[in-house]
Amino acid sequence: MSSRVFSNASFQATKDQLSNNNNYIFKKPQEKQVLHEKINALNVSINIIQEENLEFSNSILGQGAQGVVRKGKYLGSEVAIKSIVTTKNENKNLLREIKILDEIKHPNIITLMAVCPTVTQCHIVIEFFESNLLHEILFDSNIELKLDIASKSSIAFQLCEAVSYLHQQPQRFIVKMCDLGLSKSSLLSETLESTIVGRCAGTLLYMASEILMHSKVANEATDVWSVACTLVELFTAKKVWNVKNAFDITKILLKHDTPNLEGLPIFLRDDLKNCFSYKAEERPMISDLLDLLRLHNEFSLRS
């Protein structure tokens, strides 16, 4: 089972939603797109295409602080199209994201296929993988798929393998859990969904304490915290924090509390507890978690 099968969650947007929410409006360009030249200068390997090369559907795959992702078609294939409204202030981050995504090649990370700059926004075309959101598999009673311990361990290993790959790249990659800063679920309170804190975008429940409390820049140590949040939910099938809003999370972090780790496999408890250290330098590396999961999985296969 591949961990990336849980990277997208889809729901149908009504025509009223699409017409009433400006975030869903995809305007045709009226003049030459300046971004095109800037993206060309990046020397990316993927195609830079025109908007008429894309087919947009009304199926919204995700939405959040950075834009909206919906299902579409490119060259006859189903794709996910992430559309980001372009501004002078955000173009630098957008160009950096495109460059990074173009360089990432890993079986457990969704592949960048093309980029489509327009006057008002930029469409990032990525591989579409038919899937359910892990959060909804764990917490939505309407989804019948249940994960046994072997499946959970496999997902955890593949997740850590992908993040470890990003951390090993010569350029510093920032991992945004769970889907490039656009994670959004119908099971989450609106106040806990994707947001921007300082220079970081993501889902509040999974943000490290130093980002939420001190607006620090994301790095490998903050990724470890985020991955640990995901692993706690994966193995316990319980929310990492029992909160209703952002203020509740703030109170927890001010007290330096840590998640309830009861229900976690014994082999993971100590290491995951250290992942929630409020001293970032004391957290283990993703490679440490990867080695631990690899040993566990290999032992399970032999027994």
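Residues numbered from 1 in each chain as written. Predicted model: local features only at pLDDT ≥ 70, side-chain atom pairs only at ≥ 80, totals over all residues. Heavy atoms only, no water.

Trainee: Just checking my understanding: could you explain the nonpolar core for this structure?
Mentor: Across soluble globular proteins, you tend to see nonpolar side chains buried next to one another. By size, the foremost hydrophobic cluster in this structure holds 43 residues, and its most contacted members are Cys 160, Leu 231, Leu 234, Trp 241 and Leu 272. If one sorts the elements of this core by residue count, helix H7 (residues 220-236) sits on top with nine residues. (Core = buried A, V, L, I, M, F, W, Y, C linked by side-chain atoms within 4.5 Å. Buried < 20%, exposed > 50% of the residue type's maximum accessible area, 1.4 Å probe, protein only. Helix = DSSP H or I, 4+ residues; strand = E, 2+ residues; numbered from the N terminus.)

Trainee: In this structure, what is going on with unusual backbone geometry? I would like to understand it.
Mentor: Trans is the prevailing form of peptide bonds, just as negative phi is the prevailing case for residues other than glycine. The backbone of Leu 75 sits at a positive phi, close to 55 degrees, despite the residue not being glycine. Here Leu 75 lies in the loop between strand E4 (67-74) and strand E5 (77-85).

Trainee: In this structure, what is going on with the packing of aromatic side chains? I would like to understand it.
Mentor: Each pair of aromatic rings is reported with the distance of its centres and the angle of its planes. Counted under the stated rule, the structure contains three aromatic pairs. Consider the rings of Trp 225 and Phe 276, whose centres lie 5.2 Å apart with planes at 75 degrees: the pair is edge-to-face. Placement of Trp 225 in helix H7 and of Phe 276 in the loop between helix H9 (266-275) and helix H10 (286-302) is noted, with a sequence separation of 51 residues between them. The class for Trp 225 is buried, based on a relative accessible area of 0%. Assessed through its relative accessible area of 1%, Phe 276 is described here as buried. (Phe/Tyr/Trp six-rings, centres within 6.5 Å; stacked < 30°, edge-to-face > 60°.)

Trainee: What am I meant to see in helix H5 (residues 149-167) here?
Mentor: Structurally, the α-helix is built with 3.6 residues per turn, so residues lying three or four positions apart point the same way. With 19 residues, H5 should cover 27 Å at 1.5 Å per step; its first-to-last C-alpha distance of 27 Å lies within 8% of that length. Of all 19 residues making up H5, 15 are buried, and the element is well covered by its neighbours. (Expected span 1.5 Å × (residues − 1).)

Trainee: What is the right way to look at the pairing of strand E6 (residues 112-117) in this model?
Mentor: Successive residues of a regular strand alternate their side chains across the two faces of the sheet. Along E6, five of the six residues are buried, which leaves the element largely enclosed by surrounding structure. Strand direction decides the pairing type here: strand E2 (residues 47-48) and E6, joined by two bridges, are parallel. Pairing of Asn 47 across the sheet is with Ala 114, part of E6. (Pairing = 2+ DSSP bridges.)

Trainee: What's the story with the confidence of the model for the protein chain in this structure? I'm lost.
Mentor: Any residue range with low pLDDT should be treated as having predicted coordinates unsuitable for detailed reading. In this model, the protein chain carries an average pLDDT of 80, and 78% of its residues clear a pLDDT of 70 or more. Strand E1 (residues 11-12) is the least confidently modelled element of the protein chain, averaging 36 in pLDDT, while H9 averages 96, the highest of any element. Per-residue pLDDT stays below 50 along residues 1-32; that stretch engages in 84 contacts with residues further than four places along the chain or on separate chains. With pLDDT under 50 throughout, residues 174-192 is counted as low confidence; its partners more than four residues away or in other chains account for 68 contacts. (pLDDT = per-residue confidence, 0-100. Contact = heavy atoms within 4.5 Å.)

Trainee: What exactly am I supposed to notice about the packing of H5 against H10 here?
Mentor: If you want to describe how two helices pack, look at the angle between their axes and the distance between the axes. At their nearest, the axes of H5 and H10 sit 9 Å apart, and the two run at 145 degrees to each other. Between H5 and H10 lies a crossing whose hand is left-handed. For the pair H5 and H10, contact is made by Ser 153, Ser 154, Ala 156, Phe 157, Cys 160, Glu 161, Val 163, Ser 164 and His 167 and by Ile 286, Ser 287, Leu 289, Leu 290, Leu 293, Arg 294, His 296 and Asn 297, respectively. (Axes fitted to C-alpha atoms, helices over the stretch in contact; angles between N-to-C directions. Left-handed = near helix turned anticlockwise from the far one by under 90°.)

Trainee: Is there a simple way to think about the state of the cysteines in this case?
Mentor: As used here, a disulfide is simply a covalent bond connecting the sulfur atoms of two cysteines. Across all of its chains, the model carries zero disulfides by this definition. Not engaged in a disulfide, the cysteine Cys 122 finds its nearest cysteine sulfur in Cys 116; these two sulfurs lie 7.2 Å apart. In this structure Cys 275 is a free cysteine whose sulfur lies 8.4 Å from that of Cys 160, the closest cysteine sulfur available. Residue classification places Cys 275 among the buried residues on the basis of a relative accessible area of 0%. (Disulfide = S-S within 2.5 Å.)

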